[in-house]
Every structure is written in C-alpha cells, then in structure tokens.
Amino acid sequence: KVALLAADDSEVVSTTPAADGTFTLTAAPAEYKLRISLPGYLTAEKTVTLVSDQTLEAGSVTLPAGDINGDAKIDPLDVMDLGTAYNSDPIPPALVNADLNFDGKVNLLDLVLLAINYRKTGPISW
C-alpha cells in the first residue's frame, strides 16, 4: 500500500501499486508523509512536498521482511509467530503475514528473510 499522510498522520489518499511497483496518487499541493507498507514488512516513510501538476518520483525502496505482528520492529515476538506458523498447512489466518516470500508456506525461506532483518525497527526512511 502507498499512502500520503497529513501532518497529523491521517491518511489523505492511498493506492495499491501495480505489479511493476508504479502508482499514481492525486492530492492538493502541500507537504505530506509518503508511506509504503506491506503486511509482514517494516514500513518506509519520507516527507514529500507536492506542487500543482507535479509528477513525483518516489524512487526505489526495499522494505525489510519480518515484522509479522506489525509492531514496527523485528524481534522475538515475530520469531515466535513464525515458529508457530512454521510448516502449518494451512497457515493459521492470524499468522498469514509469516509467509514473507508469498509462496503459500511458512518455512526456512521465511525464517531466513526474518533473520536477515532481525532487530531492525521502522519505519525506515529512504
């Protein structure tokens, strides 16, 4: 999800990016926080200033995998959630965010993604 947030962190407008990562948002000229999020990952944020009839290039961003419980940190609670969902068939609905590589399974590949980012906190800036 890509969202523009007002100064009070309320969402002004949001969209889901296309498969190639591109997106379009329309908002009044002002300063906003641009937030990019994906369940199971830390969010990324940066401040942007929009002017009339502007095309904004957000740039490239990589979201760190492993924030399964959505608390903006990759920590032992996320490891516990991944462990609970490990090799489950089907994945428990409350733990679908543990499938970090979106292959329909929670396994070693997901654990590796979490381990790479262990102890990172968000939101990250780019």
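No experiment lies behind these values; they were computed from the predicted model shown.

Visitor: When you look at the nonpolar core in this model, what are you seeing that I'm missing?
Guide: If you look at the biggest cluster of nonpolar residues, it comprises 23 residues, and the most contacted ones within it are Leu-4, Ile-68, Leu-82, Ala-85, Leu-100, Val-106 and Leu-114. Among all residues touching Leu-4, those that are not within four sequence positions of it are Ser-10, Glu-11, Val-12, Val-13, Leu-25, Ala-27, Tyr-32, Lys-33, Leu-34, Val-48 and Leu-50.

Visitor: Would you mind going over the packing of helix H1 (residues 76–85) against helix H2 (residues 108–116) with me for this structure?
Guide: How two helices pack is summed up by the angle between their axes together with the distance between the axes. Between H1 and H2, the shortest axis-to-axis distance is 11 Å and the interhelical angle comes to 175°. In terms of orientation, H1 and H2 fall into the roughly antiparallel class. Taken together, the residues of H2 that come into contact with H1 (itself represented by Asp-78, Val-79 and Leu-82) are Asp-110, Leu-111 and Leu-114.

Visitor: Looking at this structure, I do not really get a nonpolar patch on the surface. What am I missing?
Guide: There is a patch of nonpolar side chains on the surface, built from Tyr-86, Leu-108, Leu-111, Val-112 and Ile-116 and spanning about 440 Å² of accessible area. Within the fold, Leu-111 resides in helix H2. Look at Leu-111 and you get partly exposed, because its relative accessible area is 32%.

Visitor: Quick question: what am I supposed to make of the layout of surface pockets here?
Guide: Picture a little ball the size of a water molecule; that probe, rolled over the atoms, points out where space is still empty. Approximately 300 Å³ is the volume found for the second largest pocket. Leu-25, Thr-26, Leu-50, Gln-54 and Leu-56 are, among the 15 residues lining the second largest pocket, the residues nearest its centre.

Visitor: Even after reading the chapter, I still don't get the pairing of strand E3 (residues 30–36), so can you show me in this structure?
Guide: If a strand is regular, its side chains alternate between the two faces of the sheet. Sheet topology places strand E1 (residues 2–5) next to E3; four bridges connect them, and they run antiparallel. The residue bridging Leu-4 from the neighbouring strand is Leu-34, located in E3. Across seven bridges, the pairing between E3 and strand E5 (residues 44–50) is antiparallel. Of the residues in E5, the one forming a bridge with Tyr-32 is Val-48.

Scoring rules and cut-offs
Each chain carries its own residue numbering, running from 1 in the written order of its sequence. The model is predicted, so local features are restricted to residues of pLDDT at least 70 and side-chain atom pairs to those at 80 or more, both for listing and for counting; the totals for chains, interfaces and linings are taken over all residues. To obtain the side-chain values, all non-hydrogen atoms of the structure were used and water was disregarded. We call a set of buried Ala, Val, Leu, Ile, Met, Phe, Trp, Tyr and Cys residues a nonpolar core when their side-chain atoms join them within 4.5 Å. Only protein chains enter the area calculation, which uses a 1.4 Å probe; residues under 20% of their type maximum are buried, those over 50% are exposed, and those in between are partly exposed. By the convention used here, residues are in contact when the closest approach between their heavy atoms is within 4.5 Å. Only the stretch in contact is used when a helix axis is fitted, and all axes are lines through C-alpha atoms; the angle between N-to-C directions ranges over 0 to 180 degrees. Every helix listed is a DSSP run of H or I at least four residues long, and every strand listed is a run of E at least two residues long, numbered separately from the N terminus. These descriptions rest on fixed angle ranges, namely under 35 degrees for roughly parallel, over 145 for roughly antiparallel, 65 to 115 for roughly perpendicular, and the rest for oblique. Patch membership requires over 30% relative accessible area and the absence of a salt bridge. Like charges are linked within 9 Å, and nonpolar side chains (Val, Leu, Ile, Met, Phe, Trp, Tyr) within 5 Å. Reported accessibility uses the Shrake-Rupley method at a 1.4 Å probe radius. Residues are deemed covered only where the shown protein chains occlude them. Counted as salt bridges are all cases of a side-chain nitrogen of Lys or Arg within 4 Å of a carboxyl oxygen of Asp or Glu. Site definitions follow a grid-based scheme: protein atoms alone, a 1 Å grid, a 1.4 Å probe that fits but cannot get out for cavities, and for pockets an open set with protein on both sides within 12 Å along at least five of seven lines, plus lining residues having an atom within 4 Å of a point. Grid points are joined across faces, edges and corners, and a volume is the space filled by probe spheres set on the points. What makes two strands pair is DSSP finding at least two bridges between them.

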